[in-house]
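Residue-level structural notes
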Amino acid sequence: MVQPERIKNLNEKPLKEGDYVLYWMQSSQRAHHNPALEYAASKANQLQKQLIVYFGLTEKYPEANLRHYNFMLEGLKDLKSSLIKRNIKFLVLKCSPNVGVIELSKRAVMVVVDRGYLKEQVKWRENVVKVIECPLVQVESDVVVPVEIASFKEEYSSATFRRRIKPQIERFLVPLKEVSLDRNSTSMELSTKIPEIPLEDIDEVLSRLEIDRSVPKTEHFRGGTSNALKFLDEFVEDKLDGFAELRNDPSLDHLSNMSPYLHFGQISPVHIALRVMGTESHSRDAFLEELIVRRELAVNFIHYNPNYRSLDALPDWAIKTLKEHEHDGRNYIYTLEELETAHTHDPYWNAAQMEMVLKGKMHGYMRMYWGKKMLEWTESPQKAFETALYLNNKYELDGRDPNGYTGVLWCFGKHDRAWKERKIFGKVRYMNANGLKRKFKIDSYVEDMRSIET
Ligand code: FAD
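Residues numbered from 1 in each chain as written. Predicted model: local features only at pLDDT ≥ 70, side-chain atom pairs only at ≥ 80, totals over all residues. Heavy atoms only, no water.

**A look at the overall build of the chain**
- For the chain, the count of helices and strands is 19 helices and six strands.
- Overall size of the chain, expressed as C-alpha extent along the three principal axes, is 70 × 45 × 45 Å.
- When contacts within the chain are restricted to residue pairs at least 6 apart in sequence, long-range pairs at least 24 apart make up 81% of them.
- Summing over all exposed atoms, the chain offers an accessible surface of approximately 19700 Å²; the carbon and sulfur share of this is 50%.
- Of the charged side chains in the chain, 66 are positive and 66 negative; the average position of the first set lies 3 Å away from that of the second. (Helix = DSSP H or I, 4+ residues; strand = E, 2+ residues; numbered from the N terminus. Contact = heavy atoms within 4.5 Å. Areas by Shrake-Rupley, 256 points an atom, 1.4 Å probe, with all protein chains shown as cover. Lys, Arg positive; Asp, Glu negative; His and termini not counted. Charge placed at Lys NZ, Arg CZ, Asp CG, Glu CD.)

The structure is reproduced here in structure tokens:
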């Protein structure tokens, strides 16, 4: 059963006459471990209706490019076959998500939607609520603890957030039972004026979309729940044990690689957590700290702070200290082109940039170093922030995510404390190349990236 805390009626409309229950899938793009899907399936059985799952694919999603669309479409193709196995029709329409749901809701008894926290996602849901003639129910499906249950306000740091969320975690970390549908909808005819996107040939679909093609797809990560589960198996079997000690070492890649899949909702954080908890590994807590506390702190920030795309979201001490040091002399100032093409004096930074450009995912520890250097090597904190966010969102498969906005702002002092004052950084935490050399086999990381490049 879906926990009631995940469910929210977005309007007060009564059930209406109709042919089906509609699940408007937006952020939870998966057929398993998906509370919104199970809630919609149980409603369909209760109302003796079929269940239809709809996804609206817009060509205009901010900052999305070919790399992101390819990964998402690979996931949607995988999802379609999983839904068919569950006797559910899956309809992908080429339109803004809100437009398609309004059209399909005309024949629906009720509509269920998952939850997104970014401004665009919230706006789509608000837009639909205004015009829809049947109930619209939101089911929060991509966090362990629902955001308002974890905390009622924006939290200052991981320490304050951890105290609030920890006592809530256990009751939300429970397996989700799959509902078997009484009625098969796979052969249901649904004609709309909006073109349908067939998913058989992804390259063909991509060639017809009017999207930004400046970033190619990456062969290193293929989209879809089945690929997410393969990475999860590999992580739990081979890497989890070393996670606590080795996760920061960029030369080892001892990470889960779950972030692109979490970003597109192709895997559930509850499922990942339960899988990890089912082991005896001494690294369990270290991993759950990242997956639940850190990730959901980012959701807390995006949900409660409308300035999440701005340096104004920093704590007062960070705003003040960065202002005081804004005009400090810099040894290096790089243009966007020099940064984007990895032409700096620093081989470690260049390797990190190339990892992101070529693989679509930079190692977590290097992301911190990469963002910090941006502050040091551009003319102002504002320029550094804009450049970091632009590159992060353009190349990372997991970019354009609550974690991305939070991670970039962390480099400027968000969720951190004041440190010893120094040039350019003021009291914001500093990182340097000596730290990388001292702690890791960083030259071997550089070599690995060079070999990918060639
Ligand atoms: P693992 O270490 O295996 O962790 C498992 C999961 O825990 C991750 O998938 C992620 O959901 C969560 N997690 C791990 N580290 C963090 C963290 N520091 N903050 C919040 N959650 C975390 N993450 C993104 O998902 N998208 C981004 O665009 C993004 N941009 C970042 C930019 C900068 C400058 C920084 C400093 C961090 C950024 N992060 C981002 C956070 C973090 O680096 C990545 O989530 C992590 O590297 C993903 O790799 P993984 O799944 O293999 O991580």
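Once the structure has been displayed, the description carries forward.
**Some remarks on the domain arrangement of the chain**
- Taken domain by domain, the chain consists of domain 1 (1–141), domain 2 (143–176 + 225–304) and domain 3 (309–453).
- Distance between the C-alpha centres of domain 1 and domain 2: 24 Å.
- The interface is formed by 23 residues belonging to domain 1 together with 24 residues belonging to domain 2.
- Roughly 2100 Å² is buried in total at the junction of domain 1 and domain 2, and carbon and sulfur atoms are behind 57% of that figure.
- For domain 1, the biggest contributors to the area lost against domain 2 are His33, Phe71 and Tyr117; these three give 29% of the whole.
- Glu5 is the partner of Arg171 in a salt bridge, and the nearest nitrogen-oxygen pair spans 2.6 Å.
- Seen at the junction of domain 1 and domain 2, the total is eleven residue pairs in polar contact (both at pLDDT 80 or more).
- It is helix α2 (residues 66–85) that contributes the most residues to the side of domain 1 that touches domain 2, five residues altogether.
- Its residues assigned to classes, the side of domain 1 that touches domain 2 comprises seven nonpolar, nine polar and seven charged. (Domains from an automatic or database assignment. Buried area = accessible area lost by both parts, 1.4 Å probe. Salt bridge = Lys/Arg side-chain N within 4 Å of Asp/Glu carboxyl O. Polar contact = N/O pair within 3.5 Å; in protein donor to acceptor, adjacent residues only side chain to side chain. Nonpolar A, V, L, I, M, F, W, Y, C, P; charged D, E, K, R; others polar.)

**A word on the pairing of strand β4 (residues 89–94)**
- Of all six residues in β4, five are buried; the element is thus mostly enclosed.
- Relative to β4, strand β3 (residues 50–57) runs parallel, the two sharing six bridges. Bridge pairing links Leu57 to Lys94 in β4.
- Viewed along the sheet, the connection from β3 through α2 into β4 turns out right-handed. (Buried < 20%, exposed > 50% of the residue type's maximum accessible area, 1.4 Å probe, protein only. Pairing = 2+ DSSP bridges. Right-handed = clockwise from strand over helix to strand, strands pointing away.)

**Quick word on the pairing of β3**
- Across the eight residues of β3, seven count as buried, placing the element largely inside the fold.
- Summarising the sheet, strand β2 (residues 20–24) and β3 pair through five bridges and their orientation is parallel. The partner of Leu22 across the bridge, within β3, is Ile52.
- The parallel pair β2 and β3 is bridged by helix α1 (residues 35–46), and the resulting crossover is right-handed.

**Concerning the packing of helix α8 (residues 225–246) against helix α11 (residues 284–304)**
- Between α8 and α11, the least distance of the axes is 7 Å, while the angle of their chain directions is 95°. The angle between α8 and α11 falls in the class roughly perpendicular. Facing Phe235, Leu240, Phe243 and Ala244 of α8, the residues of α11 in contact are Ala286, Phe287 and Glu290.
- Along the lines of polarity and charge, the residues of the contact of α8 with α11 split into six nonpolar, no polar and one charged. (Axes fitted to C-alpha atoms, helices over the stretch in contact; angles between N-to-C directions. Parallel < 35°, antiparallel > 145°, perpendicular 65-115°, else oblique.)

**Description of the site of the ligand**
- Taken together, 24 residues lie near the ligand, and Ser256, Asn257, Lys361, Asn392 and Asp398 sit nearest.
- Separating an oxygen atom of the ligand from a side-chain N or O atom of Ser256 is a distance of 2.6 Å.
- In the environment of the ligand, an oxygen atom lies 3.1 Å from a nitrogen or oxygen atom belonging to the backbone of Met258.
- When the ligand sits alone it has 830 Å² of accessible area, and the protein chains cover 91% of it.
- Looking at the shell around the ligand, the elements that each hand over two or more residues are α9 (259–263), α11, α15 (364–377) and α17 (402–410).
- Looking at the shell around the ligand element by element, the count peaks at five residues for α11.
- Among the residues making up the shell around the ligand, the classes are represented as nine nonpolar, nine polar and six charged.
- When residues of the shell around the ligand are assigned to domains, at least three fall in each of domain 2 (143–176 + 225–304) and domain 3 (309–453). (Near = heavy atom within 4 Å.)

**Considering the state of the cysteines**
- Tallying each qualifying case throughout the model produces zero disulfides.
- In this model Cys134 remains outside any disulfide bridge; the closest cysteine sulfur is found in Cys95, 16 Å from its own. (Disulfide = S-S within 2.5 Å.)

**Brief notes about the packing of helix α16 (residues 381–395) against α17**
- At a minimum axis distance of 10 Å, the contact between α16 and α17 shows a crossing angle of 145°. The hand of the α16/α17 crossing is right-handed. Here Phe385, Ala388, Leu389, Asn392 and Asn393 of α16 lie close against α17, whose contacting residues are Gly404, Tyr405, Val408 and Leu409.
- Broken down by class, the residue content of the contact of α16 with α17 amounts to six nonpolar, three polar and no charged. (Left-handed = near helix turned anticlockwise from the far one by under 90°.)

**So, the sheet that holds β2**
- As summarised here, the arrangement of the six strands in space is β1-β6-β5-β2-β3-β4, forming an open sheet in which the pairing is mixed. Both edges of this open sheet fall to β1 (7–9) and β4, since each of them pairs with a single strand only. Strand after strand, the sheet turns through a mean of 25° between neighbouring axes, direction not considered.
- With five bridges connecting them, β2 and strand β5 (residues 108–114) associate as parallel partners. Bridged to Tyr23 within β5 is Val112.
- Of the strands in this sheet, β2, β3, β4 and β5 touch helix α3 (residues 97–104), which is tilted by about 175° from β2.
- Packed onto the sheet, helix α4 (residues 119–131) meets β2, β5 and β6 (136–139) and runs at close to 155° relative to β6.

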